[in-house]
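These are the residues of each chain, in order.
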Amino acid sequence: NEVKIISGKLISKIFDPEKNSIFSSDLTGLPVYHGYAVGPVTIIRKKSDLAGFRKGDILVAPTVGTWMMPAVEKCAAIITDAGGVLSHTAIVAREFRKPCIVATKNATKILKNGQIVTVDTKNSTIK
């Protein structure tokens, strides 16, 4: 619930008007289950974060734990900071047939709750 005003040269570091994107470069990672999804971000770090998770949200987490299955069932896609093709996150994404990008390194730091993102596993990007 904070408003920051950025102007001058600093704005070019976070906003690229040619791409109409808030990031000068897209967030990338390793796709482990293919698909395309658009929705609001919900970052899950602890069990209490599950209470606000809604159907169609994009699940963003450091990694997916077994206690996150209620969110996995409802999510439109999964994005994690860590993981690989044989990680628990990747296996869960394939079992639930959810578009998934792992190994972004910093999605939980860059993305914000409620932010609308596009997950495109064909191009391994999150916009």
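Residues numbered from 1 in each chain as written. Predicted model: local features only at pLDDT ≥ 70, side-chain atom pairs only at ≥ 80, totals over all residues. Heavy atoms only, no water.

Asker: Help me out: how do you make sense of a nonpolar patch on the surface in this one?
Answerer: Together, Leu 30, Val 85 and Leu 86 make up a nonpolar patch on the protein surface, roughly 300 Å² of accessible area in all. Among the structural elements, Val 85 can be located in the loop between strand E5 (77-80) and helix H3 (88-96). (Patch = residues over 30% accessible without salt bridge, like charges linked within 9 Å, V, L, I, M, F, W, Y side chains within 5 Å. Areas by Shrake-Rupley, 256 points an atom, 1.4 Å probe, with all protein chains shown as cover. Salt bridge = Lys/Arg side-chain N within 4 Å of Asp/Glu carboxyl O. Helix = DSSP H or I, 4+ residues; strand = E, 2+ residues; numbered from the N terminus.)

Asker: Quick question: what am I supposed to make of the sheet that holds strand E8 (residues 125-126) here?
Answerer: Read across the open sheet, the eight strands follow the order E1-E8-E7-E3-E4-E5-E6-E2; overall the sheet is mixed. The open sheet has two edge strands, strand E1 (27-28) and strand E2 (30-33), and neither has a second partner. Sheet topology note: the strand E3 (residues 36-43)/strand E4 (residues 58-61) ladder contains three bridges and is parallel. Directly across from Val 41, in E4, lies its bridge partner Ile 58. (Pairing = 2+ DSSP bridges.)

Asker: What am I meant to see in the nonpolar core here?
Answerer: Side chains that are nonpolar tend, in soluble globular proteins, to be buried together. Of all hydrophobic cores here, the largest spans 18 residues; its most connected members are Ile 44, Phe 53, Leu 59, Val 64, Val 72, Ile 78 and Cys 100. Not counting chain neighbours up to four residues away, the residues in contact with Ile 44 comprise Asp 49, Leu 50, Phe 53, Leu 59, Val 60, Ala 61, Pro 62, Trp 67 and Met 68. Among the nonpolar cores identified, the runner-up in size contains 14 residues, and Ile 58, Ala 77, Ala 107 and Val 119 belong to it. (Core = buried A, V, L, I, M, F, W, Y, C linked by side-chain atoms within 4.5 Å. Buried < 20%, exposed > 50% of the residue type's maximum accessible area, 1.4 Å probe, protein only. Contact = heavy atoms within 4.5 Å.)

Asker: Is there a simple way to explain the side chain of Gln 115 in this structure?
Answerer: Secondary-structure assignment places Gln 115 in the loop between helix H4 (107-110) and strand E7 (116-120). One polar contact links the side chain of Gln 115 to the main-chain amide nitrogen of Lys 112, over a distance of 2.9 Å. (Polar contact = N/O pair within 3.5 Å; in protein donor to acceptor, adjacent residues only side chain to side chain.)

Asker: What should I look at first to understand unusual backbone geometry in this one?
Answerer: Trans is the common state for peptide bonds, and a negative phi is the common state for residues other than glycine. In this structure, Arg 97 is a non-glycine residue whose phi angle is positive, near 55°. Position of Arg 97 among the secondary structure elements: in the loop between H3 and strand E6 (100-102).

Asker: Whenever I open this one, the state of the cysteines confuses me. Can you help?
Answerer: Covalent bonding between the sulfur atoms of two cysteines defines a disulfide. Across all of its chains, the model carries zero disulfides by this definition. Here Cys 75 stays free of any disulfide, with the sulfur of Cys 100 as its closest cysteine sulfur at 8.4 Å. Residue Cys 100 is classed as buried on the basis of its relative accessible area, which comes to 0%. (Disulfide = S-S within 2.5 Å.)

Asker: Looking at this structure, I do not really get the pattern of salt bridges. What am I missing?
Answerer: Opposite charge on two side chains lets them pair, provided their charged atoms get close. Taken as a whole and assessed by the stated rule, the structure comprises two salt bridges. One salt bridge in this structure joins Asp 57 and Arg 54, with 3.8 Å as the shortest N-O distance.

Asker: Honestly, the pairing of E4 in this entry has me stumped. Any pointers?
Answerer: Here E4 shows two buried faces, one formed by Ile 58 and Val 60 and the other by Leu 59 and Ala 61. Across four bridges, the pairing between E4 and E5 is parallel. Looking at E5, one finds that Ile 58 is bridged to Ala 77. At this point the chain moves from E4, through helix H2 (residues 69-74), to the parallel E5, and the crossover so formed is right-handed. (Right-handed = clockwise from strand over helix to strand, strands pointing away.)

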